[in-house]
Amino acid sequence: MNVIVPGSTRPDRDAATAALDTLRAWASKASPSDIDALDPALARLLRKGEDYPEFNRIYPDDFAVGDNYKATLPDLQNGPSSLIRGAKQQIQHVGISNFRLPLRFHTRDDGDLTLETSVTGSVSLEADKKGINMSRIMRSFYKHGDRTFSFEVMEAALDDYKTDLESLDARIQMRFSFPMKIESLRSGLSGYQYYDIALELVEIAGVRKKIMHLDYVYSSTCPCSLELSEHARATRGQLATPHSQRSVARISVDVNCDQDCLWFEDLIEAARRAVPTETQVMVKREDEQAFAELNAANPIFVEDAARLFCEQLQADPRIGDFRVVASHQESLHSHDAISILTQGDTFAAQSIDPKLFTTLFHVG
């Protein structure tokens, strides 16, 4: 056995390996208490060949968290500014997206409805702050979750987490699918049409805006194609059909809460007045024929759609600034026809999301 006398020449690798082998040979016959009595660094080397202590692998069902224990828990996200990585720059929005829960909403015609709702909540983060406690946003919604939601309740939730997170600016957006019973054109049947709606409350520099978004799905018959088809019939007796396609308009409005309530149904009906060729729910043969006639009576380019929606929105005093994004998903071309029309500063933008129009595809 190699013995290293204190003060002698530094041992080489072979001597260290031999010493470790000697320790392990001893440990193979030693009791656990003998190993535990060694220097902790040596004990870790010898205990079952591991280089770390054994931990309890059974979940402690009976463990209770007290205030003293909670005070010892690390909180890296709310740490000092010295922990910030990257540029010390303000972040306009940081928070959570697609936090889902059932919420109750007022409707104009059918009382209150409980709908599965996807929530996005965010706050601004000052340049000298590391991060936020995102669970506080969720807790704010659960605090108000048993109330029937309106912009007023959204404001209360926003006030809560804005205060909790000590933030200047904040945003809430709630998305849901709103059911509305629609009658067929001629058969007398009815069925539920589902509308993608979002409510958004935004506060920037102390100014709050209440915004409603609606995706309205309709059929658009090309006026040019209709005229060319009729020309073929009239001049050559040639049967021809105009092309039409499923189309989507995303209508976003700044709601003027000094006026009467703007109901979900009101905005849907305004869209239907502008462009009556909404896709149908219940269809028999007489309804299909009626829909063909309705499309022929309302041929529409994507530019026409934007302006027709605009006309209806301008006529409603409950609506301030607005934006219309329309996409006619062509059956003639391998590309789509699109238009964007805005009024006011709220939705004005020099740049658009590169993926904006791909989000307008309606999946039935």
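Use the structure listed above.
Residues numbered from 1 in each chain as written. Predicted model: local features only at pLDDT ≥ 70, side-chain atom pairs only at ≥ 80, totals over all residues. Heavy atoms only, no water.

**Quick look at helix H10 (residues 302-314)**
Thought 1: Here H10 contains 13 residues, and its C-alpha end-to-end distance of 19 Å stays within 8% of the 18 Å for a straight helix at 1.5 Å per residue.
Thought 2: Every buried residue of H10 is accounted for by Val 302, Ala 305, Ala 306, Phe 309, Cys 310, Gln 312 and Leu 313. Projected down its long axis, H10 carries its buried residues within an arc of 165°, all on one side.
Thought 3: Of the surrounding elements, those touching the buried residues of H10 are strand S6 (207-221), strand S7 (244-255), helix H8 (264-274), strand S8 (319-328) and strand S9 (337-343). (Helix = DSSP H or I, 4+ residues; strand = E, 2+ residues; numbered from the N terminus. Expected span 1.5 Å × (residues − 1). Buried < 20%, exposed > 50% of the residue type's maximum accessible area, 1.4 Å probe, protein only. Arc of directions from axis to C-beta. Contact = heavy atoms within 4.5 Å.)

**Digging into the nonpolar core**
Thought 1: Grouped together as the largest cluster of nonpolar side chains are 59 residues, with contacts concentrated most on Met 174, Val 253 and Phe 309.
Thought 2: The element best represented in this core is strand S4 (residues 170-183), accounting for seven residues.
Thought 3: Residue contacts for Phe 309: discarding those within four places in its chain leaves Tyr 216, Tyr 218, Ala 249, Ile 251, Ala 271, Ala 274, Val 275 and Val 324.
Thought 4: Val 217, Leu 356, Phe 357 and Leu 360 belong to the second largest nonpolar core, which has six residues in total. (Core = buried A, V, L, I, M, F, W, Y, C linked by side-chain atoms within 4.5 Å.)

**Focus on the pattern of salt bridges**
Thought 1: Applying the stated criterion across every chain, the model contains 21 salt bridges.
Thought 2: Note that Lys 70 is salt-bridged to Asp 67, the shortest N-O span being 3.8 Å. One end of the pair is Lys 70 and the other is Asp 67, both in helix H4 (residues 67-72) and three residues apart, which spans about a single turn.
Thought 3: Between Arg 233 and Glu 230 there is a salt bridge, and its shortest N-O distance comes to 3.5 Å. One end of the pair, Arg 233, and the other, Glu 230, are both in helix H7 (residues 223-236), three residues apart, so they sit about a helical turn from each other.
Thought 4: The exposure class of Arg 233 is partly exposed, given its relative accessible area of 38%. (Salt bridge = Lys/Arg side-chain N within 4 Å of Asp/Glu carboxyl O.)

**Some remarks on the layout of surface pockets**
Remark: the empty space left among the atoms is shown by a probe the size of a water molecule rolled over them.
Thought 1: A volume near 1200 Å³ is recorded for the largest pocket.
Thought 2: In terms of lining residues, the largest pocket is bounded by 45 residues, among which Gln 173, Glu 200, His 213, Arg 250 and Arg 323 are the most central.
Thought 3: Those elements that place two or more of their residues in the lining of the largest pocket are strand S1 (91-106), strand S2 (112-125), S4, strand S5 (190-204), S6, S7, S8 and S9.
Thought 4: When residues of the lining of the largest pocket are assigned to their parent elements, the largest contribution, eight residues, is made by S5.
Thought 5: Considering only residue class, the lining of the largest pocket consists of 21 nonpolar, 13 polar and eleven charged.
Thought 6: Within this model, the second largest pocket holds a volume of roughly 310 Å³.
Thought 7: Looking at the lining of the second largest pocket, the elements that each hand over two or more residues are S1 and helix H6 (151-164).
Thought 8: Each residue belonging to the lining of the second largest pocket can be placed in one class, and the counts come to eleven nonpolar, four polar and two charged. (1 Å grid on protein atoms, 1.4 Å probe; cavity = no way out; pocket = protein on both sides within 12 Å on 5 of 7 lines; lining within 4 Å. Points joined across faces, edges and corners; volume = space filled by probe spheres on them. Nonpolar A, V, L, I, M, F, W, Y, C, P; charged D, E, K, R; others polar.)

**Focus: the side chain of Ser 184**
Thought 1: With respect to the helices, strands and loops of the structure, Ser 184 is situated in the loop between S4 and S5.
Thought 2: From its side chain, Ser 184 meets the backbone nitrogen of Gly 188 in a polar contact 3.2 Å long.
Thought 3: Non-local contacts of Ser 184, meaning those with residues more than four positions away in its chain, are made with Leu 189, Ser 190, Gln 280, Met 282 and Asp 287. (Polar contact = N/O pair within 3.5 Å; in protein donor to acceptor, adjacent residues only side chain to side chain.)

**A few points about the packing of H8 against H10**
Thought 1: Interaxial distance between H8 and H10 falls to 8 Å at its minimum, and their mutual angle equals 135°. Considering their axes alone, H8 and H10 lie oblique with respect to each other. Of the two possible hands of crossing, H8 and H10 adopt the one that is right-handed. Where H8 abuts H10, its residues Leu 267, Ala 270, Ala 271, Arg 273 and Ala 274 lie against Leu 308, Phe 309, Gln 312 and Leu 313.
Thought 2: Classifying every residue of the contact of H8 with H10 by side-chain character gives seven nonpolar, one polar and one charged. (Axes fitted to C-alpha atoms, helices over the stretch in contact; angles between N-to-C directions. Parallel < 35°, antiparallel > 145°, perpendicular 65-115°, else oblique. Left-handed = near helix turned anticlockwise from the far one by under 90°.)

**So, unusual backbone geometry**
Thought 1: Even without being glycine, Glu 166 reaches a positive phi, approximately 50°.
Thought 2: On the secondary structure map, Glu 166 appears in the loop between H6 and S4.
Thought 3: Given the relative accessible area of 60%, Glu 166 is considered exposed.
Thought 4: Phi angles above zero are rare outside glycine, and Ala 205 is one such case at about 55°.

**What about the packing of aromatic side chains?**
Thought 1: For the structure on display, the rule yields twelve aromatic pairs.
Thought 2: For the ring pair Phe 63 and Tyr 69, a centre distance of 5.1 Å and an interplane angle of 80° mean the geometry is edge-to-face.
Thought 3: By relative accessible area, which is 41% here, Tyr 69 ends up partly exposed.
Thought 4: Between Phe 178 and Phe 264 the ring centres are 5.1 Å apart and the planes differ by 65°, which places this aromatic pair in the edge-to-face class. Of this pair, Phe 178 sits in strand S4 while Phe 264 sits in helix H8; the two residues are 86 residues apart in sequence, bridging distant segments of the chain. The residues Phe 178 and Phe 264 share a single accessibility class, namely buried.
Thought 5: Aromatic ring contacts, followed pair by pair, group Phe 99, Phe 105, Phe 141, Tyr 142, Phe 149, Phe 176, Phe 178 and Phe 264 into a single cluster. (Phe/Tyr/Trp six-rings, centres within 6.5 Å; stacked < 30°, edge-to-face > 60°.)

Fair warning: the whole summary comes from geometry, so function is off the table for now.
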